[in-house]
Amino acid sequence: MGSIVALVVVFVVVILLSKLVRVVPQGYEWTVELFGKYTGTLTPGLHFLIPIMYGIGRKMNMMEQVLDVPSQDVITKDNAVVRVDGVVFYQVLDAAKAAYEVANLEGAALALIMTNIRTVLGSMDLDESLSQRDAINAKLLGVIDEATHPWGVKVTRIEIKDISPPRDLVDAMARQMKAEREKRANILDAEGFRQAAILKAEGEKQSAILEAEGKKEAAFREAEARERKAEAEAKATTMVSTAIAGGDVNALNYFVANNYVEALKEMAKSPNQKMLLLPIEATGILGSLAGIAELAKDSLAQQQTRTQAANADRTPPPIR
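All of these numbers come straight from a predicted model, not from anything done at the bench.

This part covers empty space enclosed by the protein. Enumeration according to the criterion identifies 1 cavity of 30 Å³ or more in this entry. Of the pockets and cavities examined, the largest cavity occupies roughly 60 Å³. What lines the largest cavity is Val88, Tyr90, Leu105, Glu106, Ala109, Ile113, Thr148, Trp151, Val153 and Val155. Residue assignment for the lining of the largest cavity shows that the elements contributing at least two residues are β7 (81-92), α3 (105-122) and β8 (153-164). Sorting elements by how many residues they give to the lining of the largest cavity places α3 first, with 4 residues. Looking at the lining of the largest cavity residue by residue, the classes come out as 8 nonpolar, 1 polar and 1 charged.

So, about the sheet that holds strand β3 (residues 37-42). With respect to topology, 3 strands assemble into an open sheet ordered β3-β2-β5, the strand pairing being antiparallel. In this open sheet, the two strands that pair with only one neighbour each are β3 and β5 (54-61). Put simply, the sheet's adjacent strands are angled 30° from each other on average, direction ignored.

This paragraph deals with the pairing of strand β2 (residues 28-34). A large share of β2 lies buried, amounting to 5 of its 7 residues. Two strands pair when backbone bridges link them, and β2 and β5 are joined in this way by 6 bridges, in the antiparallel orientation. When the sheet's bridge partners are listed, Leu34 is paired in β5 with Tyr54. As paired strands, β2 and β3 are joined by 5 bridges and run antiparallel to one another. Its bridge partner being in β3, Glu33 is matched across the sheet by Tyr38. Adjacent in sequence and paired antiparallel, β2 and β3 are bridged by 2 residues, among which Phe35 carries a positive phi angle near 50°.

Here we come to the pattern of salt bridges. Evaluation of the coordinates by the stated rule reveals 9 salt bridges. A salt bridge links Glu191 to Arg194, with the nearest nitrogen and oxygen atoms 3.2 Å apart. Here the residue Glu191 and the residue Arg194 both occupy positions in helix α6 (residues 167-245), the gap between them amounting to 3 residues, near one helical turn. Given the relative accessible area of 48%, Arg194 is considered partly exposed. Across the salt bridge formed by Arg221 and Glu217, the nearest N and O atoms sit 3.0 Å from each other. A residue pair is termed a helical-turn pair when its members lie 3 or 4 positions apart in one helix, as Arg221 and Glu217 do in helix α6 at 4 residues. Glu217 sits in the partly exposed class, given a relative accessible area of 39%. What emerges from the salt-bridge pattern is a single network uniting Glu217, Arg221, Glu224 and Arg228.

Calculation criteria
Residues numbered from 1 in each chain as written. Predicted model: local features only at pLDDT ≥ 70, side-chain atom pairs only at ≥ 80, totals over all residues. Heavy atoms only, no water. 1 Å grid on protein atoms, 1.4 Å probe; cavity = no way out; pocket = protein on both sides within 12 Å on 5 of 7 lines; lining within 4 Å. Points joined across faces, edges and corners; volume = space filled by probe spheres on them. Helix = DSSP H or I, 4+ residues; strand = E, 2+ residues; numbered from the N terminus. Nonpolar A, V, L, I, M, F, W, Y, C, P; charged D, E, K, R; others polar. Pairing = 2+ DSSP bridges. Axes fitted to C-alpha atoms, helices over the stretch in contact; angles between N-to-C directions. Buried < 20%, exposed > 50% of the residue type's maximum accessible area, 1.4 Å probe, protein only. Salt bridge = Lys/Arg side-chain N within 4 Å of Asp/Glu carboxyl O.

Quick look at the structure:
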């Protein structure tokens, strides 16, 4: 009987000691209750509590935690149904508020996050929800952090992991993307043809300009040649007239024979002429040619006379 009592006493003492000495691990905070009422918070380390009167209420994890958001169907602004899931990072800053301000912290935070995901994505088109992931995360973070602040919780990050449209919508988007790419390709091809046509037109324009410049230059040269020829003919006519006035008939014969030969040359060049009728005497032509020879002899004699006179002028006088 005495041994049983001793065992009971030892058991009670051990229980009291375990209730008296409390060790809070790092990263946690425990709330202390006096007959069920919150009185304080135990930080990491060794603490002593009076048994029976004081007890441990909630053991709160003060480290940053990860909460997976299950996937759910969301209707966008343009009535497209997408499946969305995400992940939330949060940390308890006030153990007392997290323990006594909300009954189920994780469940409440999860319900709040899923509701706001539907609200944010429901106000956006499908294209916006797929392309503006950062804007969605930032908007959700601001709303959730403000809503969980009375619970002593700090939401550090919210990430939308996946936004999955239905299969038929994905196929429609693929066809639309293909059509857009084909459209851009056609536009590029048309732009290339247009640029090629412009370059070709510019080349033809430059070619026409150069051809016109060439014709202009050729016409100018031809006019200049005709002008010089006319000047030469006028000078020859003047010389012949002067010779005739001086009584030299051979000059007239030369002029007539020259024009006569030119006329025969032009008649011989004509492709339609098969037979030539010459209503003149050959002796007349020979006479003209003889006149040309006499004229050449006179010109040569005059040139020799002028040369001898020039040499005489250059001969020095004799030395006495």
